[in-house]
Amino acid sequence: MAPVAMRTAAQSLSDAKPVSFWLDDPGRPEALPALTGDEHCDLLVIGGGYSGLWTALIAKERDPERDVVLIEGHEVGWAASGRNGGFCAASLTHGLPNGLERWPDEIAKLEELGERNLDAIEAAVARYAIDCEFERTGEIDVATEPHQLEELHEWHQEAERLGFTGLEFLDRDALRAEVDSPTFLGGLWDRRGVAMLHPAKLAWGLKRACLDLGVRMYEHTRGLELARTTTSMALRTPYGRVFARRVALGTNIFPSLVKRVRPYTVPVYDYALMTEPLTADQLASIGWRNRQGLGDSANQFHYFRMSADNRILWGGYDAIYPYGGRLSADLDQRPETFLKLAGQFFDCFPQLAGVRFSHAWGGAIDTCSRFSAFFGTAHQGRVAYAAGYTGLGVGATRFGADVMLDLLAGEQNERTTLEMVRSKPMPFPPEPFAWAGIELTKRSLARADDNGGHRNLWLRTMDRLGLGFDS
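Residues numbered from 1 in each chain as written. Predicted model: local features only at pLDDT ≥ 70, side-chain atom pairs only at ≥ 80, totals over all residues. Heavy atoms only, no water.

A. Spatial organisation of the packing of aromatic side chains. In the structure shown here, the tally under the stated rule is 20 aromatic pairs. Both rings, one in Phe 184 and one in Phe 304, keep their centres 6.3 Å apart while their planes meet at 35 degrees; by these two values the pair is tilted. Within this pair, whereas Phe 184 is found in the loop between α6 (172-178) and β6 (186-190), its partner Phe 304 is found in strand β14 (residues 302-306), the two being separated by 120 residues in sequence. When its relative accessible area of 1% is taken as the criterion, Phe 304 is described as buried. Seen from their ring centres, Phe 184 and Phe 349 are 6.4 Å apart, and the 75 degrees between their planes marks the pair as edge-to-face. Taken together, the positions of Phe 184 in the loop between α6 and β6 and Phe 349 in the loop between α9 (335-348) and β16 (357-367) put the pair 165 residues apart, joining distant regions of the chain. In this structure, Phe 184 and Phe 349 share a single accessibility class: buried. By the ring-pair criterion, three or more aromatic residues cluster together here, those being Phe 184, Trp 288, Phe 304, Trp 314, Phe 345, Phe 346, Phe 349 and Phe 357. (Phe/Tyr/Trp six-rings, centres within 6.5 Å; stacked < 30°, edge-to-face > 60°. Helix = DSSP H or I, 4+ residues; strand = E, 2+ residues; numbered from the N terminus. Buried < 20%, exposed > 50% of the residue type's maximum accessible area, 1.4 Å probe, protein only.)

This is the structure:
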């Protein structure tokens, strides 16, 4: 970055709060008391992000008499569920291309289930009056390099050939009529497959809905150890215990209480900026009247969208894996990444020169080698888990909740018989091999972006093995 551009980027960040914009909201609910003493229940849900909240809610919807307890180690929505971009996608497979490559025989069913899942989220938001700024505006994959435009065009033709007709190809002029940036060469608009929402308000709304249905909920209550007894599962917490007939784990990136699951995920730190609200003139300079989500098509990609009060969220690009999979609040702030993101923002929207950022934050995503969630059971079917959403958990976690409840019930249905549900991704190797492999992959992806998309031998080998690294 040139010195002048670096100064401009730095000045734009000078007042940015080091917290998630979504969590920095006056409507944030008070935390519930921690668990003290012993509790007994039919179903214990561990984790107060989307995964756990949807599981508790759907469990009560399926059986209102079921006694459900949910515990959260910090506060509901505090981790990834309150820090993401608010892209609620129908895809269960981290996009149609990834799903088609991994499960070609099931992709039609997976796409159908994903569409039904997003419809169900929209219906739940209305049914429980969750004010989460839900807008089903779709998402545009944007090409900023000629090879990306060619790839998007080819993929659009292939998707139509396979019968997937919900995508609209936009040439340069059509795209810039939607959202104006001199860097945009064209794009692919999925008009119905993605909704924009306020992620923390979704979590808080699900919390309220769960409580209204009778879920007993405890915050600031970490699950320390899970063990099987003669008749139930027993969870030890700092100030008490929970005895449950069945347990659903929605802990995602935090170390699983089923230790054999841990090698399947690694933490990746993702970062985002939020601008101040745009003025009417600034809005007019970029268009964006249809308020779609956007993401560019590079390997090191950006995602960006409008908030309800006309700010721009700008995130992505850097995906930081800490050696050893270390989780630390210190990693939520990374000034060198914020500076890089700010410079790239003004490259994309030079007409917004002078805009300042109000918030800058980061957080950990649970990444797995196939980019989409995996599922399973432990302790003779008494415990179910879902993890590995790799950044697309806002919508897919509801599907994962259904799967966990199906598995705990021993059901054979259209979800549990899927190869996607029955199979596992390749686990990550131990250190130092995990760090070395991830770093090599990241550098290879950056070189591919700079080299017309050409994938080197390392990336081609990873492709053949069905392995990857993403945020």
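Read on for the rest.
B. How the structure looks around the pairing of strand β15 (residues 312-316). Counting buried residues along β15, five of its five residues qualify, which places the element largely inside the surrounding structure. Relative to β15, β14 runs antiparallel, the two sharing five bridges. The partner of Met 306 across the bridge, within β15, is Ile 312. Count of turn residues in the β14/β15 antiparallel hairpin: five residues, of which Asn 310 carries a positive phi of about 65 degrees. (Pairing = 2+ DSSP bridges.)

C. Local environment of the pattern of salt bridges. Enumeration over the complete set of coordinates arrives at 34 salt bridges. Note that Glu 168 and Arg 191 form a salt bridge whose closest N and O atoms lie 2.7 Å from each other. Residue Glu 168 is found in strand β5 (residues 167-170), and its partner Arg 191 is found in the loop between β6 and β7 (194-196); the two are separated by 23 residues along the sequence. For Glu 168, a relative accessible area of 30% puts it in the partly exposed group. With relative accessibility at 40%, the residue Arg 191 sits in the partly exposed group. Across the pair Asp 406 and Arg 415 runs a salt bridge, and its minimum N-O distance is 2.6 Å. For Asp 406, a relative accessible area of 0% puts it in the buried group. For Arg 415, a relative accessible area of 15% gives the class buried. (Salt bridge = Lys/Arg side-chain N within 4 Å of Asp/Glu carboxyl O.)

D. Molecular detail of the sheet that holds strand β4 (residues 139-143). Taken in spatial order, the eight strands line up as β5-β6-β4-β13-β14-β15-β12-β16 in an open sheet, and their pairing is mixed. The sheet is open, and its two edges are formed by β5 and β16, each paired on a single side. Put simply, the sheet's adjacent strands are angled 20 degrees from each other on average, direction ignored. α9 contacts β12 (266-275), β14, β15 and β16 of the sheet and is inclined by roughly 50 degrees relative to β12. (Axes fitted to C-alpha atoms, helices over the stretch in contact; angles between N-to-C directions. Contact = heavy atoms within 4.5 Å.)

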